[in-house]
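As a plain string of letters, each chain reads:
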Amino acid sequence: MCRLLAYLGKPVTLEDILYKPEHSLIVQSYQPREMTAGVVNADGFGIGWYHRQKDTPPFTYRNTLPIWNDLNLPHLSRYVESQCILAYIRSATPGQALDFANCQPFHHQQQLFIHNGYIENFRQSVYRKIRNQLTPDFYDKINGSTDSEHIFALLLSQGQINQQLPPEDALHSTLVILLEMAKIHQVTVSANIVLSDGHRLIASRFSSSTPAPSLYWLKDDLNFPQSVIIASEPLFTGNWTTCPENSIISVGEDRDIQIKSI
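Rules of the game
- Residues numbered from 1 in each chain as written.
- Predicted model: local features only at pLDDT ≥ 70, side-chain atom pairs only at ≥ 80, totals over all residues.
- Heavy atoms only, no water.
- Helix = DSSP H or I, 4+ residues; strand = E, 2+ residues; numbered from the N terminus.
- Rg over C-alpha atoms; globule rule 2.2 N^0.38 Å.
- Buried < 20%, exposed > 50% of the residue type's maximum accessible area, 1.4 Å probe, protein only.
- Contact = heavy atoms within 4.5 Å.
- Areas by Shrake-Rupley, 256 points an atom, 1.4 Å probe, with all protein chains shown as cover.
- Lys, Arg positive; Asp, Glu negative; His and termini not counted.
- Charge placed at Lys NZ, Arg CZ, Asp CG, Glu CD.
- Pairing = 2+ DSSP bridges.
- Axes fitted to C-alpha atoms, helices over the stretch in contact; angles between N-to-C directions.
- Expected span 1.5 Å × (residues − 1).

Per the secondary structure count, the chain includes seven helices and 13 strands. Relative to the 2.2 N^0.38 estimate, which gives 18 Å for 262 residues, the radius of gyration of the chain is 17 Å and therefore close to what a compact globule would have. For the chain, the spread of C-alpha atoms along the principal axes amounts to about 45 × 40 × 35 Å. Burial analysis of the chain (262 residues in total) assigns 55% to the buried set. Counted over contacts in the chain with a minimum sequence separation of 6, partners at least 24 positions apart contribute 65%. About 11700 Å² of surface is accessible on the chain, with carbon and sulfur atoms providing 48% of the total. Within the chain, the 25 negative side-chain charges are centred at a point lying 2 Å from the centre of the 20 positive side-chain charges.

This paragraph deals with the side chain of N102. Here N102 shows up in the loop between β4 (81–89) and β5 (106–108). On the accessibility criterion, N102 (1% relative accessible area) is buried. Discounting residues that sit within four places of it in the chain, N102 has contacts with R90, Q96, A97, G144, S145 and T146.

The strand order across the open sheet formed by six strands is β5-β6-β7-β8-β12-β13, and the pairing between neighbours is antiparallel. In this open sheet, the two edge strands, each paired with only one partner strand, are β5 and β13 (257–261). Averaged over all adjacent pairs, the angle separating strand axes in this sheet is 20°, with direction ignored. Where strand β6 (residues 111–119) lies against strand β7 (residues 189–196), eight bridges are found, and the strand directions are antiparallel. Considered in β7, the bridge of I114 is made with V194. Across the face of the sheet, helix α6 (residues 147–161) comes into contact with β5, β6 and β7 while running at roughly 125° to β6. Against the sheet, helix α7 (residues 167–185) engages β6, β7, β8 (201–205), β12 (247–251) and β13, with an angle of about 165° to β7.

In a regular helix each residue adds 1.5 Å, so 19 residues correspond to 27 Å; α7 covers 27 Å between its end C-alpha atoms and thus fits that length. On its buried face, α7 is in contact with β6, α4 (127–132), α6, β7, β8 and β12. Of the residues flanking the end of α7, it is Q186, one or two places downstream, whose phi is positive at about 55°.

See below:
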């Protein structure tokens, strides 16, 4: 069922957010506490971050190894510093290939995307219907086979079709479309998503059945002042707030948090 986190605020190193917390993403890869499916997250990982001084496209580092087995990541993590970081560890849905094309984060121009969840019987249920909703620009850019990448392509297509929509509304439309498809095919869809352009975080905690995968947020903790963290599981003891089920969470550059029901 994967685990994810996102950080926005005062620049920190990857080491600060990935390794130092007592229940870090590294620990969650082999000892998660709140997964509703699966036992470990050993099917690869990915990290995306933005340069803190230049409005350049994001950088990504991905691997099909378990995150605890990547010998380069600890060294890279001490060097890289950013004000906006998205990270993800994968527990692959049975039948999904373990390759780089299926590793998150996915990105397009300034946008990074991570997804924790699944679409039940994806290939046999809504696969074709999702692809029929895609604009040509994003239909052709799908490289992997995951439901996650198809959800991202659907989100980008919704944004392109309705260019006046803010990204929160594009995400809302995407989730409503997925829910309608799931009802028709009588399958479950869950979509804890984080989307960023380097200046904002937009996240969802969503499922067509309860409980939705776990998701929390934390603002201006003493360990990470002037920041907001969104994570599948609390990284350390603190004043973590559970994100409401079936909601969209928006975090602006001023770290103001807005929550709307889906």
